[in-house]
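Structure assessment
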Amino acid sequence: MDAAELIRLLENVVRTGTVTEIDVSRWRVRVESGGLTTTWLRWNAQRAGAFNVWLPPAVGEQVWLLCMGGNPETAIIGGSLYSNDNPAPGASATEMVMTAPDGARFHYDASAGALTVSGIKTARLEAAVSVTLDTPVVECTSLLKTRTFTVSEGGNLEGNFTHGSGTFTSNGVQVDNHQHGSVQRGGSWTEGTQ
């Protein structure tokens, strides 16, 4: 091997390129790098063991390739790089930001201690035993819907309420169906409830 061939191989050990095709069923992509389109390459997985993360690259994403022996045919994708077409979604050393193609955004700002998830249509949290929200205030800005609820230390109700389809009991008295004792005709007050 002459010096020129050795230099060429060394220059090819690490390359940058742009994803041109993706095959999600085989976990592979093709990359265009310096006029060369690679064969199908594996991309870097953040975790692929007991903890397993699925976050495939996208067409147009800039990546860097690690070409074993300087041969692009043996390359694996080492990671992604920000580019003019796909700039960084954040600008602070104290934030973590993840965005999705549908406009969803996950943002944690450590300097403010604030987590914001926006742009999503639905969210689902399943737990086999319980979910605890340990905070002074939980605020729902619209409809709060639940099959049952228990309030253990009281509180206040404000606004208009409509009750239907079932009994409504307060301190042992069924409010929507009870009797009054010692009733007299006229303007007298009733005494007690049953």
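Residues numbered from 1 in each chain as written. Predicted model: local features only at pLDDT ≥ 70, side-chain atom pairs only at ≥ 80, totals over all residues. Heavy atoms only, no water.

**Looking at the pairing of strand S5 (residues 62-66)**
Condition: Whether a residue is buried, partly exposed or exposed follows from its accessible area with a 1.4 Å probe, protein chains only, as a fraction of its type maximum: under 20%, in between, or over 50%, in that order. Helix numbering and strand numbering both begin at the N terminus, where a helix is a DSSP run of H or I of at least 4 residues and a strand a DSSP run of E of at least 2. A pair of strands is labelled paired if DSSP reports no fewer than 2 bridges between them.
Covered by surrounding structure in S5 are Val 63 and Leu 65 only, the residues Gln 62, Trp 64 and Leu 66 on the alternate face being uncovered. For S5 and strand S6 (residues 76-81), the ladder comprises five bridges, and the chain directions are antiparallel. Note on S6: the bridge partner recorded for Leu 65 is Ile 77.

**Structural notes on the nonpolar core**
Note the following rule: In these notes, a set of buried Ala, Val, Leu, Ile, Met, Phe, Trp, Tyr and Cys residues joined through side-chain atoms within 4.5 Å is what counts as a nonpolar core. Throughout, a residue-residue contact means that at least one pair of heavy atoms, one from each residue, lies within 4.5 Å.
Membership of the largest hydrophobic core is limited to ten residues, which are Val 19, Val 29, Val 31, Leu 41, Trp 43, Val 63, Leu 65, Cys 67, Ala 75 and Ile 77. Broken down by secondary-structure element, the contributors of at least two residues to this core are strand S2 (28-33) and S5. Excluding its chain neighbours within four sequence positions, the residues that come into contact with Cys 67 are Asn 12, Val 13, Arg 15, Pro 72, Thr 74 and Ala 75.

**A closer look at the UniProt feature "domain: Phage spike trimer" (unreviewed entry) in the protein**
Just so we agree on the cut-off: UniProt positions are given in the numbering used here, feature names are shortened, and annotations may be inferred rather than shown by experiment.
Using the residue numbers shown here, the UniProt feature "domain: Phage spike trimer" (unreviewed entry) corresponds to residues 119-171. The distance separating the terminal C-alpha atoms of residues 119-171 is 44 Å; by composition the span is 0% helix and 4% strand.

**Observations concerning the UniProt feature "domain: Gp5/Type VI secretion system Vgr protein OB-fold" (unreviewed entry) in the protein**
Per the UniProt annotation, the sites labelled "domain: Gp5/Type VI secretion system Vgr protein OB-fold" (unreviewed entry) are residues 15-82. End C-alpha to end C-alpha, residues 15-82 measures 15 Å, and it is 0% helix and 44% strand.

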